[in-house]
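Analysis of the macromolecular model
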Amino acid sequence: MDKKKAEYHRKRLLAKQEELLRLVSKSEQDGRHVDEEITQDIADNAANSYTKEFLFHQSDDNRRILQLVNEALDRIKSGEFGVCAACQEEVQQKRLEAVPWARHCIECQEKQEQGLL
Ligand SMILES: [Zn+2]
């Protein structure tokens, strides 16, 4: 991948990283807040557990993507960005446009989703 393209994706990844860091720390704060509410009002316990579960799941997703974003930024540094982790072919530009932290090209991603990879 040429430098200009890599720099373009690096900027998008950094923006995403910042957004995710904000979301992750926000959901941690929300999670604590829900904890306080649970001890304060046991009648609402069921509803709060649900809310808490939801927040944790959301936070897990964000953490997972954050991890992928961090890895993608490492790959930009090492010059491996944009190469499929499975077939070593170049990842399609439109795929990177949609998911700049993608580790696989479209074909390999589909195989992975079908459990073939
Ligand atoms: Zn591939």
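Residues numbered from 1 in each chain as written. Predicted model: local features only at pLDDT ≥ 70, side-chain atom pairs only at ≥ 80, totals over all residues. Heavy atoms only, no water.

1. Considerations on the overall build of the protein
When helices and strands are tallied, the protein shows four helices and zero strands. Reading the secondary structure of the protein in the N-to-C direction produces α-α-α-α. Pairs at least 24 residues apart make up 55% of the contacts formed inside the protein by residues separated by at least 6 positions. For the protein, the accessible surface area stands at approximately 8,100 Å², while carbon and sulfur atoms represent 50% of it. (Helix = DSSP H or I, 4+ residues; strand = E, 2+ residues; numbered from the N terminus. Contact = heavy atoms within 4.5 Å. Areas by Shrake-Rupley, 256 points an atom, 1.4 Å probe, with all protein chains shown as cover.)

2. A look at the coordination of the zinc ion
Surrounding the zinc ion are the protein donor atoms Cys 84 (SG), Cys 87 (SG), Cys 105 (SG) and Cys 108 (SG), at 2.3 Å. Taken together, the four donor atoms coordinating the zinc ion span angles of 106 to 115° at the metal, a pattern that classifies the geometry as tetrahedral. Each donor residue of the zinc ion belongs to the same chain, and together they define the spacing C-x2-C-x17-C-x2-C. You can see Cys 84 sitting in the loop between α2 (45–78) and α3 (93–98) and its partner Cys 108 sitting in helix α4 (residues 106–113), a full 24 residues away along the chain. (Donors = N, O, S within 2.8 Å, 3.2 Å for Na, K, Ca; no water. Tetrahedral: all angles 85-135°; square planar, octahedral: opposite > 155°, others 65-115°.)

3. Notes on the side chain of Asn 62
Position of Asn 62 among the secondary structure elements: in helix α2. Classification of Asn 62 by relative accessible area gives buried; the value is 13%. Apart from residues lying up to four places away in sequence, Asn 62 is in contact with Leu 20, Leu 23 and Val 24. (Buried < 20%, exposed > 50% of the residue type's maximum accessible area, 1.4 Å probe, protein only.)

4. A word on the environment of Gln 92
With respect to the helices and strands, the residue Gln 92 is situated in the loop between α2 and α3. Gln 92 gets classed as partly exposed once you look at its relative accessible area, which sits at 23%. With residues near it in sequence (within four places) discarded, Gln 92 still touches Cys 105, Ile 106 and Glu 107.

5. Some points on unusual backbone geometry
A positive phi angle, near 65°, is found at Gln 88, a position not held by glycine. With respect to the helices and strands, Gln 88 occurs in the loop between α2 and α3.

6. A look at the pattern of salt bridges
Overall, the coordinates contain six salt bridges when judged by the stated rule. The salt bridge involving Glu 7 is made with Arg 10; its shortest N-O contact spans 3.1 Å. Remark: Arg 10 and Glu 7 occur in helix α1 (residues 3–40); sequence separation between them is three residues, near one turn of the helix. A salt bridge links Arg 22 to Glu 18; the nearest nitrogen and oxygen atoms lie 3.9 Å apart. Of this pair, Arg 22 and Glu 18 both sit in helix α1, four residues apart, which is roughly one turn of the helix. No difference in accessibility class separates Arg 22 from Glu 18, as the two residues are exposed. (Salt bridge = Lys/Arg side-chain N within 4 Å of Asp/Glu carboxyl O.)

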